[in-house]
Amino acid sequence: NIYVEGDKAALKVSESIISGGKTGIYLDCTDVSSVQISDSEIVDSNSAAIYIESVGTNVFSIKNNKIGSLGSTPVYFCLEGLKTGAEIGIADDNRFIGENKASYVWLAGHVTSNITIPKGVYLSTGITVREGKTLTVNPGVNIIFEYGGIVLNGTLDAYGTEEEKIVFTSAS
């Protein structure tokens, strides 16, 4: 439905309904792109409701939305397109609706910059940490691997606490 691409792109959506199609919102933004989505419904897409290929270095805010997908997952992140991992925090700022893995954010791909995964439950088909890069996993993270796992060529920092353990597990 909405495809945001390029280094000068800006998307501002509020009080809207984005429904149907393969993907509700597809983001492939670089450099100074800006994304602000709030108080809206992104629902009934056949794949991911929001598919994030990459994000720019400007404003990235997806808050107070209802997000649901008829397909695989409400939100899909390609890890190589992230700058810090803070973008993944949208899991706490939105309400996921529907039946298909509706409460999970999907993480997959290569870690090509140092990123941090915030507390939450995630699905993944595999994560590769590139040489010289660090993947930090915060306490309270649960990553469920549909298949694959974490391949380390770089560094994994994962320090849970007694109250908030970090869980890496298989879906099967």
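Above this text you will find the structure in question.
I'd like a description of the overall build of the chain, backed by residues and values.
The secondary structure content of the chain amounts to 1 helix and 19 strands. By residue count, 45% of the 172 residues in the chain fall in the buried class. Of the contacts formed within the chain by residues at least 6 apart in sequence, a portion of 57% connects residues at least 24 apart. Per element, the accessible surface of the chain, about 8100 Å² overall, is 46% carbon and sulfur.

If you had to explain the environment of Ile25 to someone new, which residues and values would you point to?
Within the secondary structure, Ile25 is located in strand β4 (residues 25-29). Apart from residues lying up to four places away in sequence, Ile25 is in contact with Ile2, Leu11, Ile18, Ile37, Ile42, Ala49, Ile50 and Tyr51.

I'd love a proper account of the sheet that holds strand β8 (residues 60-63), names of residues and values included.
Spatially, β2-β5-β8 is the arrangement adopted by the 3 strands of the open sheet, whose pairing is parallel. Of all the strands in the sheet, just β2 (10-14) and β8 have a single pairing partner and so form its edges. Here the average twist between neighbouring strands, direction ignored, is 10 degrees. Where strand β5 (residues 34-38) lies against β8, 4 bridges are found, and the strand directions are parallel. Opposite Ile37, over in β8, you have Ile62 as the bridge partner.

Kindly report on the packing of aromatic side chains, identifying the contributing residues and their values.
By the definition in use, this model includes 4 aromatic pairs. Geometrically, the ring pair formed by Tyr3 and Tyr26 is tilted, given 5.7 Å between the ring centres and 40 degrees between the ring planes. With a gap of 23 residues between them, Tyr3 in strand β1 (residues 2-6) and Tyr26 in strand β4 connect regions that are remote in the sequence. Summarising the aromatic geometry, the rings of Tyr76 and Trp106 are spaced 6.4 Å apart at their centres and angled 15 degrees between planes, so their arrangement reads as stacked. Linking Tyr76 in strand β10 (residues 75-78) with Trp106 in strand β12 (residues 105-111), this pair joins segments that are 30 residues apart in sequence. According to the relative accessible area criterion, Tyr76 is buried, its value standing at 19%. Trp106 sits in the buried class, given a relative accessible area of 8%.

Kindly report on the side chain of Asn65, identifying the contributing residues and their values.
Looking at the element boundaries, Asn65 is found in the loop between β8 and β9 (66-69). Polar side-chain contacts of Asn65 include one of 3.2 Å to the backbone nitrogen of Asp39. Within the local environment of Asn65, its side chain forms a polar contact with the backbone nitrogen of Ser40, the two atoms lying 2.8 Å apart. Those residues in contact with Asn65 that sit more than four places away from it in its chain are Ile37, Ser38, Asp39, Ser40, Ile42, Asp93, Asn94 and Arg95.

Go over the pattern of salt bridges, please, and point to the residues and values.
Applying the stated criterion across every chain, the model contains 2 salt bridges. Lys119 is the salt-bridge partner of Glu164, the closest N and O atoms lying 2.6 Å from each other. One end of the pair, Glu164, is in the loop between β18 (155-158) and β19 (167-170); the other, Lys119, is in the loop between β13 (115-117) and β14 (120-129), with 45 residues separating them in the sequence. Of the charged contacts in the structure, one is a salt bridge between Lys165 and Glu162, with a shortest N-O distance of 3.9 Å.

Parameters at a glance
- Residues numbered from 1 in each chain as written.
- Predicted model: local features only at pLDDT ≥ 70, side-chain atom pairs only at ≥ 80, totals over all residues.
- Heavy atoms only, no water.
- Helix = DSSP H or I, 4+ residues; strand = E, 2+ residues; numbered from the N terminus.
- Buried < 20%, exposed > 50% of the residue type's maximum accessible area, 1.4 Å probe, protein only.
- Contact = heavy atoms within 4.5 Å.
- Areas by Shrake-Rupley, 256 points an atom, 1.4 Å probe, with all protein chains shown as cover.
- Pairing = 2+ DSSP bridges.
- Axes fitted to C-alpha atoms, helices over the stretch in contact; angles between N-to-C directions.
- Phe/Tyr/Trp six-rings, centres within 6.5 Å; stacked < 30°, edge-to-face > 60°.
- Polar contact = N/O pair within 3.5 Å; in protein donor to acceptor, adjacent residues only side chain to side chain.
- Salt bridge = Lys/Arg side-chain N within 4 Å of Asp/Glu carboxyl O.

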